[in-house]
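Structure assessment
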Amino acid sequence: MIVSAHIVNLGLLVAAGLGSAALVPARRASANSLPLSACPGYKASNVKTSQTGLTADLSLAGTPCNTYGTDLDKLTLEVTYETGDRLHVKIQDPANDVYQVPQSVFPRPGSHGGNSKTSALKFNYKTNPFSFSVTRAKTGEVLFDSSAAPLVFESQYLRLRTKLPDNPNLYGLGEHFDPFRLNTTNYIRTLWSQDAYGTPGGANLYGNHPVYFEHRKFGTHGVFLLNSNGMDVFIDKTAQSGQFLEYNTLGGVLDFYFVAGPSPIEVSRQYAEVAGLPAMMPYWGFGFHNCRYGYQDAFEVAEVVYNYSQAKIPLETMWTDIDYMDRRRVFSLDPDRYPISKVREIVDRLHANNQHYILMLDPAVPYVDYPPFQRGVADNIFLLRANGSVWQGVVWPGITVFPDWFAKNIASWYANEFAVFFSKDKGVDIDGLWIDMNEPSNFPCNFPCSDPAAAAVGFPPEPPPVRSPPRPLPGWSCAFQPAGTACKRDSEDVSVVQDVAVIRGPVSPESDALSARFAKGQQLGLPGRDLLFPKYAIHNKAAFTDSWNSDHGGISNHTVNTDVIHQNGLAEYDVHNIYGTMMSTQVREAMATRRPGLRPFVITRSTFAGAGAKVGKWLGDNFASWDALRGSIRGSLAFASIYQVPMVGADVCGYAGDTTEELCARWAMAGAFYPFYRNHNEYPPTISHEFYRWASVAEAARKAIDIRYRLLDYIYTALYQQTVDGSPLLNPMFYLYPGDDKTFGLDQQYFFGPGLLVAPVLQQGATGVDVYLPKDVFYDWYTHKRVQGNGQSIHVSNQSLSDIPLYLRGGAIVPVRVKSAATTTDVRKQNFELLIPIGADGTASGQLYLDDGVTETQHGITLIKFSYARGILVAKGTFGYRTDVKISKVTLIKAGRGKRDADDVQDSILDVSQPLTGDFTISIS
């Protein structure tokens, strides 16, 4: 997180960086280089085919152009039919020196029975100049065609262009704030992690997902480029070139995975096989969360918890931003404002009420003499300069150093710091962790950050005043009460977390970076590259201007310098985009070590492809604006349905700037239908955004949470299914109606799971919303009135601030709890109601997944498959999770029998007492 005041101080730098750029590659001249138009491409030879693929040698087809680096004379091509619907195409250097994403960061999926004869995809090629295409085997439809421009493969620049049909429907290439369906003319998607305050449109943001789905009316396919180097992806249409998509990367190899679909949901599942299936989250993680940057002290945190209780707004998890830290230092507590005794009392009270507590953690460690830094130096886990000294930047605590996630001792150091600071018995007994600034951010220090002391003036910021308890807090101990309040005394105060080291793994203090740097054949990157000033300038908006990403070191601005070499010999130039995901992995493992057997709950900001296998994601420092509210829907859809990061959501009511009562109420309603639901906003003087601040917002929150909590098991079941096969928890409209071209561009309404259509009011001052209904049967969530979709929009009016249009999709059974509760623990004690909205064919189906909600490896699960037809509900499945909860109500939702009463509510409600112990059948008249 960054406060707006710091952005203002950067002034022209940020403002200029956000300017638009023409879709033209930027370059700086050098001797013996030619324009891209002169690049000769490659020719293929020694082609060897087999049942599972082919290999070939590629050689430069003419005079090197050396436009942005040195052309590689020789390349190798390897094509593998990995499964029946996945094709792997890889172009790299024969010596295996060019950097590739490490297997430890992104495990490869491998081959599973694919062959050229049965594959849904077909690889085709031309030898001179070399190009390739990927087509559908049955129809010959061309999905990807690199003959659009000659292949360029240089030491610090790769280009590959594919032809596209006119007006293509493209999705993905995140992270971005742009429309869900991407623009297709003069459009640039830049992938380079940056601390992107305000999540501006047209800019690179925190994470990188170089995958796109292309949807056509008769089929969808996906294209994933496994490459973590900085890149621009151009999408344009010109008279000369036609419609195209073009990759321009700062290095790496061309490592493509093509998946055939042909439906959007099948593409999502197939991409999950490549990127990794998402992690299952604890049940309580779907509860409502609250945080703010700027809670003055433990007293204010306690008051917020109390106020939510008094307002009868269910608060599942209380969070604390970096305010808890001693001078913004990670693994520390402010002894005056957040003393350990008071923090532990807050946590103990939350736990006693079946609530939870989460803290923020940044990657940067302050360059000061305190135990975490001392142990990090002893364990040699920080990034180093070429002379062996630690690389220094500036973040919240002032001068900082940064962990090297490739260091030999990083896991043991991190696990130790977690064991000490987050000790259940003596430290802060957190339930989950929140990662920020892991791009990594070095936001106050402009490149080259050669004088961090000067940039650190004003950091850490002045803390707020120390105060006594400001007012009585009923039910809390004397430690939280003003003098003279009748109260119960608590245990003796302890000022600091006891800093006791635990057993660590073997320490390897010597850095092997220099010896490893130029090891041959180890994918460590080519020697002789200019790691600070590449000739090709990506459109990274952290730079002063786009062109500064070349000769002015813009790719290093406000982050770690890209010439820093990691302990294993890899350059930050190559691995910058995976820094955040590597931290996420370490945090997840440290949390798992700290609480063995329990699912870690980790929310991060910076992600790379595959991050969902470890963590969830919040969409960063958005504005408190209507545009940001609308953008949050797009962002959540992208992460859940494309990037396979389903636990996703935005800061409800907006992070940056003052919200309004209307905006916060609308956002409270809409945010309840994100997978991750949290209210969070920035430092004073920005006003507080807690839901109880306005009566209308409190009413909206209570209603929204009541609906959400009744739906928790439906949501949890949908997440479970995504962890099993990649079926999205959130579905864009076209995922369920792929043949309806009116759905292709919709990104303000969507399906939560397979059966609940969500269509929030997203315009300021509006009391209604247009909802597009495909040709299908729908039922109003609240009244159960049938609404026949005719492939047109309907206007839903009279929507107060506590209303949100919701529709059940005919044919999708939705299990709900009979009533909500104050915590998810109490929700789990409620019986079930089955909502059975009849589909157009008179049938319905659905499922329900149950487990203990927290354990990583379950000892028994229940997975029930429901089907309904002709008055009979059949339930079959696995019943391994023991529960006293029953199905106590079945509601059959259908329309009237004749045209005259077709819009009447015709529910058949049956009270039952069905235990969840085995298969059963229920007759519904």
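Being a predicted model, the structure only gives us computed values, none of them experimental.

1. Quick word on the confidence of the model for the protein
For the protein, the mean per-residue pLDDT works out to 93, and 93% of the residues sit at or above 70. Here helix 2 (residues 12-17) stands out as the element of the protein with the lowest mean pLDDT, 29, in contrast to strand 33 (residues 756-758), whose mean of 99 is the highest. pLDDT under 50 marks residues 491-496. Its contacts with residues more than four places away, or in other chains, come to ten contacts.

2. What about the pattern of salt bridges?
For the coordinates displayed, the defined rule picks out 33 salt bridges. A salt bridge links Asp145 to Lys163; the nearest nitrogen and oxygen atoms lie 3.9 Å apart. Residue Asp145 is located in strand 8 (residues 142-145), and its partner Lys163 is located in strand 10 (residues 157-163); the two are separated by 18 residues in the primary sequence. With its nearest N and O atoms 2.8 Å apart, the salt bridge here joins Glu690 to Arg693. Judged by its relative accessible area of 42%, Arg693 falls in the partly exposed class. A single network of salt bridges, built from pairs that share partners, joins Asp195, Asp436, Glu439, Arg605 and Asp621.

3. What to know about the UniProt feature "domain: Glycoside hydrolase family 31 N-terminal" (unreviewed entry) in the protein
In the numbering adopted here, UniProt assigns the feature "domain: Glycoside hydrolase family 31 N-terminal" (unreviewed entry) to residues 115-230. Regarding residues 115-230, the helix share stands at 0% and the strand share at 47%, and the terminal C-alpha atoms are separated by 33 Å.

4. Side note on helix 4 (residues 298-310)
With 13 residues, helix 4 extends 18 Å from end C-alpha to end C-alpha; this agrees with the ideal 18 Å at 1.5 Å per step. Among all positions in helix 4, only Ala298, Phe299, Glu300, Val301, Ala302, Glu303, Val304, Val305 and Tyr308 are buried. Considering only its buried residues, helix 4 is in contact with strand 18 (288-290), strand 19 (317-320), helix 5 (340-352) and strand 30 (677-679). Of the residues that open helix 4, the one with a side-chain oxygen 3.2 Å from the backbone nitrogen of Phe299 is Asp297. Of the residues one or two after helix 4, Lys312 is the one with positive phi, at around 60 degrees.

5. A word on the sheet that holds strand 29 (residues 651-652)
In space, the nine strands of this open sheet follow the order 28-27-26-24-20-19-18-30-29, with parallel pairing throughout. Taken across any chain shown, the strands that pair with only one partner, and hence form the sheet edges, are strand 28 (648-649) and strand 29. Contacting strand 19 and strand 20 (356-361), helix 5 crosses the sheet at an angle of about 135 degrees to strand 20.

6. Let's talk about the state of the cysteines
Applying the stated rule across the entire model yields four disulfides. The side chain of Cys39 participates in a disulfide bridge whose partner is Cys65; the two sulfur atoms lie 2.0 Å from each other. Between Cys39 and Cys65, the S-S dihedral sits near 90 degrees, and the bridge is therefore right-handed. One end of the pair, Cys39, is in the loop between strand 1 (26-27) and strand 2 (42-50); the other, Cys65, is in the loop between strand 3 (53-60) and strand 4 (74-83), and 26 residues separate them in sequence. By relative accessible area, which is 0% here, Cys65 ends up buried. Here Cys653 connects covalently by a disulfide to Cys664, the sulfurs 2.0 Å from one another. Its S-S torsion of about 80 degrees marks the bond between Cys653 and Cys664 as right-handed, since a negative value means left-handed. On the criterion of sequence distance, the pair formed by Cys653 in the loop between strand 29 and helix 14 (661-671) and Cys664 in helix 14 is long-range, its members being eleven residues apart.

7. Here's the deal with the UniProt feature "domain: Glycosyl hydrolase family 31 C-terminal" (unreviewed entry) in the protein
Within the UniProt annotation, "domain: Glycosyl hydrolase family 31 C-terminal" (unreviewed entry) is assigned to residues 726-814. What you have in residues 726-814 is 4% helix and 35% strand, and the ends, taken at the C-alpha atoms, are 20 Å apart.

8. Some words on helix 13 (residues 626-641)
Taking 1.5 Å per residue, 16 residues should reach 22 Å; helix 13 reaches 23 Å between its end C-alpha atoms and fits that length. Counting buried positions over the 16 residues of helix 13 gives 15, a clear majority of the element.

9. A look at the environment of Arg634
Here Arg634 is to be found in helix 13. Given a relative accessible area of 12%, Arg634 falls into the buried group. Through-space distance from the C-alpha of Arg634 to that of Gly789 is 23 Å; in sequence the pair is 155 residues apart. Setting aside anything within four residues of it in sequence, one finds Arg634 in contact with Phe177, Asp178, Pro179, Phe180, Asp747 and Gln748.

10. Brief notes about unusual backbone geometry
Of note, the amide linkage connecting Gly261 to Pro262 takes the cis form, showing an omega dihedral of 10 degrees. Here Pro262 lies in the loop between strand 17 (254-259) and helix 3 (264-275). Of note, the amide linkage connecting Phe447 to Pro448 takes the cis form, showing an omega dihedral of 10 degrees. Structurally, Pro448 can be placed in the loop between strand 24 (432-435) and helix 8 (452-455). The phi dihedral of Leu173 is positive, around 55 degrees, even though this residue is not glycine. Considering the arrangement of structural elements, one finds Leu173 in strand 11 (residues 169-174). In this structure, Gln523 is a non-glycine residue whose phi angle is positive, near 60 degrees.

11. Observations concerning the pairing of strand 14 (residues 219-225)
Summarising burial for strand 14: seven of the seven residues are buried, a large majority. Turn length for the strand 13 (residues 209-216)-strand 14 hairpin, with the two strands adjacent in sequence and antiparallel, is two residues. Where strand 14 and strand 17 come together, four bridges link them in antiparallel fashion. In the strand pairing of strand 17, Gly222 is matched with Val259.

12. Considering the side chain of Asp851
Tracing the backbone through its elements, the reader meets Asp851 in the loop between strand 41 (843-850) and strand 42 (862-869). The exposure class of Asp851 is buried, given its relative accessible area of 1%. Polar side-chain contacts of Asp851 include one of 2.6 Å to the side chain of Tyr716. Engagement of the side chain of Asp851 in a polar contact is seen with the side chain of Tyr849, the distance being 2.7 Å. In this structure Asp851 touches Arg599, Tyr716, Arg828, Gln858, Ile861 and Tyr881, once residues within four positions along its chain are discounted.

13. Comments concerning the pairing of strand 4
A regular strand places its side chains on the two faces of the sheet in alternate fashion. Burial analysis of strand 4 places seven of its ten residues in the buried class, the great majority of the element. As judged from the seven bridges shared by strand 3 and strand 4, these two strands associate in the antiparallel manner. Its bridge partner being in strand 4, Ala56 is matched across the sheet by Leu77. Here strand 4 runs beside strand 5 (residues 86-92); their pairing, made up of seven bridges, is antiparallel. Counterpart to Thr76 in the pairing with strand 5 is Gln92. Taking the residues between adjacent antiparallel strands as the criterion, strand 4 and strand 5 are bridged by two residues.

14. A look at the nonpolar core
Judged by nonpolar contacts, the single largest core of 227 residues is most densely connected at Val428, Phe673, Phe691 and Ile836. Not counting residues within four places of it along the chain, the set of residues in contact with Phe673 comprises Ile707, Arg708, Leu711, Leu730, Tyr750, Phe752, Leu756, Val758, Ile804 and Leu806. Core analysis: the second largest hydrophobic core is formed by 46 residues, Tyr42, Ala56, Phe144 and Val233 among them.

15. Digging into the packing of helix 14 against helix 15 (residues 695-710)
Geometrically, a packed helix pair is captured by the angle between its two axes and the distance between the axes. Remark: helix 14 packs on helix 15, axes separated minimally by 8 Å, with the N-to-C direction vectors making an angle of 5 degrees. Looking at the two axes, helix 14 sits roughly parallel to helix 15. Along the contact surface, helix 14 presents Glu661, Cys664, Ala665, Ala668, Met669 and Gly671, while helix 15 presents Ser696, Val697, Ala700, Ala701, Lys703, Ala704 and Arg708. Class assignment of the residues belonging to the contact of helix 14 with helix 15 gives a composition of eight nonpolar, two polar and three charged.

16. Remarks on the packing of aromatic side chains
Applying the stated criterion across every chain yields a total of 63 aromatic pairs. Geometrically, the ring pair formed by Phe331 and Trp413 is edge-to-face, given 6.2 Å between the ring centres and 90 degrees between the ring planes. Linking Phe331 in the loop between strand 19 and helix 5 with Trp413 in helix 7 (residues 410-421), this pair joins segments that are 82 residues apart in sequence. Across the pair, Trp413 and Phe331 agree in class, each one buried. Seen in terms of ring centroids, Phe639 and Tyr643 are 5.1 Å apart; in terms of plane orientation they differ by 80 degrees. Their pairing is edge-to-face. When sorted by exposure, Phe639 lands in the same class as Tyr643, which is buried. Members of the aromatic cluster, each reached through a chain of ring pairs, are Tyr324, Phe331, Tyr367, Phe373, Phe382, Trp405, Trp413, Tyr414, Phe418, Phe421, Phe422 and Tyr579. Above the ring of Tyr370, the side-chain terminus of Arg329 is found at 5.9 Å from the ring centroid. Over the aromatic face of Trp618 sits the side chain of Arg678, whose NZ or CZ is 5.4 Å from the ring centroid.

Rules used in this analysis
Residues numbered from 1 in each chain as written. Predicted model: local features only at pLDDT ≥ 70, side-chain atom pairs only at ≥ 80, totals over all residues. Heavy atoms only, no water. pLDDT = per-residue confidence, 0-100. Helix = DSSP H or I, 4+ residues; strand = E, 2+ residues; numbered from the N terminus. Contact = heavy atoms within 4.5 Å. Salt bridge = Lys/Arg side-chain N within 4 Å of Asp/Glu carboxyl O. Buried < 20%, exposed > 50% of the residue type's maximum accessible area, 1.4 Å probe, protein only. UniProt positions renumbered as here; feature names shortened; annotations may be inferred. Expected span 1.5 Å × (residues − 1). Polar contact = N/O pair within 3.5 Å; in protein donor to acceptor, adjacent residues only side chain to side chain. Pairing = 2+ DSSP bridges. Axes fitted to C-alpha atoms, helices over the stretch in contact; angles between N-to-C directions. Disulfide = S-S within 2.5 Å. Core = buried A, V, L, I, M, F, W, Y, C linked by side-chain atoms within 4.5 Å. Parallel < 35°, antiparallel > 145°, perpendicular 65-115°, else oblique. Nonpolar A, V, L, I, M, F, W, Y, C, P; charged D, E, K, R; others polar. Phe/Tyr/Trp six-rings, centres within 6.5 Å; stacked < 30°, edge-to-face > 60°. Lys NZ or Arg CZ within 6 Å of the ring centre and 35° of its normal.

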